[in-house]
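# Structural description and commentary
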Amino acid sequence: DVKVTQSSRYLVKRTGEKVFLECVQDMDHENMFWYRQDPGLGLRLIYFSYDVKMKEKGDIPEGYSVSREKKERFSLILESASTNQTSMYLCASSSDRGGEKLFFGSGTQLSVL
Amino acid sequence: GQNIDQPTEMTATEGAIVQINCTYQTSGFNGLFWYQQHAGEAPTFLSYNVLDGLEEKGRFSSFLSRSKGYSYLLLKELQMKDSASYLCAVREGSNYQLIWGAGTKLIIKP
């Protein structure tokens with residue numbers, strides 16, 4: 001079975017902390033994405049990557065950065081966590097540039113206090 | 001501007017049929033997707049429509065009308081395990097980015 005694994009299911013952090021969310025895929029996919037999911041809103045793209053060491057901003061990149069040092073791993077970094085970054089974070093990967101079929105991880109529910 | 005609308009919540013009975021609608025306003029339409037997301041789980045791909053018409057996959061079918069900016073997901077012979085949120089997403093042009101609706105929570109009652 002293809003798999004996208006997110007390192008933590010639940011995280012609680014304090015305002016101002018630096019937070020790392022890790023995502024690993026075992027499908028040799030070129031494309032990886034970070035979304036956040038909030039009640040009543042559609043998924044919003046934070047950052048994505050088409051290749052190792054490559055990154056592009058999505059719709060809401062402010063307050064976030066990413067790292068892709070290896071093809072299988074895509075990390076999301078909150079430089080200084082704030083309460084408005086409390087959310088469900090979903091990582092996804094795909095083998096097609098258009099993201100035709102996304103494979104999602106189970107998500108990380110982040111609470112910033 | 002870009003906009004995708006779908007009902008917030010629907011209720012249906014086990015064994016029945018339900019239709020979940022999705023309307024969109026985008027420029028350069030290049031495909032519509034449906035994903036299923038059970039509570040606390042990852043979204044999983046259900047269907048992809050880029051041409052008008054009905055695509056059938058077992059109990060699930062997806063319909064697209066590009067001229068009307070409209071799609072629906074049809075679920076037949078409903079089972080309790082179909083209780084989930086159903087997410088509609090649209091791709092514009094060659095853009096990698098998908099525009100997502102807020103999702104429809106489907107509740108199945110015995």
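Residues numbered from 1 in each chain as written. Chains lettered and ligands numbered in written order. Predicted model: local features only at pLDDT ≥ 70, side-chain atom pairs only at ≥ 80, totals over all residues. Heavy atoms only, no water.

## Remarks on the pattern of salt bridges
All names here are of chain A. Stated formally: By salt bridge we mean one thing: a side-chain nitrogen of Lys or Arg within 4 Å of a carboxyl oxygen of Asp or Glu. In DSSP terms, a helix is any run of H or I states spanning at least four residues, a strand is any run of E spanning at least two, and both are numbered starting from the N terminus. Only protein chains enter the area calculation, which uses a 1.4 Å probe; residues under 20% of their type maximum are buried, those over 50% are exposed, and those in between are partly exposed.
With the rule as written, the count across this model stands at 10 salt bridges over all chains. Here K18 makes a salt bridge to E79, at a shortest N to O gap of 3.6 Å. Remark: E79 occurs in the loop between strand 9 (73-78) and strand 10 (87-94) and K18 occurs in the loop between strand 2 (10-13) and strand 3 (19-21); sequence separation between them is 61 residues. The shortest N-O distance in the salt bridge between R36 and D38 comes to 2.8 Å. Judged on exposure class, the residue R36 and its partner D38 are both buried. Here the salt bridges do not stand alone but share partners, grouping D28, E30 and K71 into one network.

## So, the pairing of strand 8 (residues 70-75) of chain B
Residue and element names in this part refer to chain B. Going by this rule: Whether two strands pair depends on DSSP finding at least two bridges between them.
Most of strand 8 sits inside the fold, with five of its six residues counted as buried. Here strand 3 (residues 18-25) runs beside strand 8; their pairing, made up of six bridges, is antiparallel. Residue pairing for strand 8: I20 is matched across the bridge by L73. The sheet contact formed by strand 7 (residues 60-65) and strand 8 spans six bridges and is antiparallel.

Shape descriptors only; they carry no functional weight alone.
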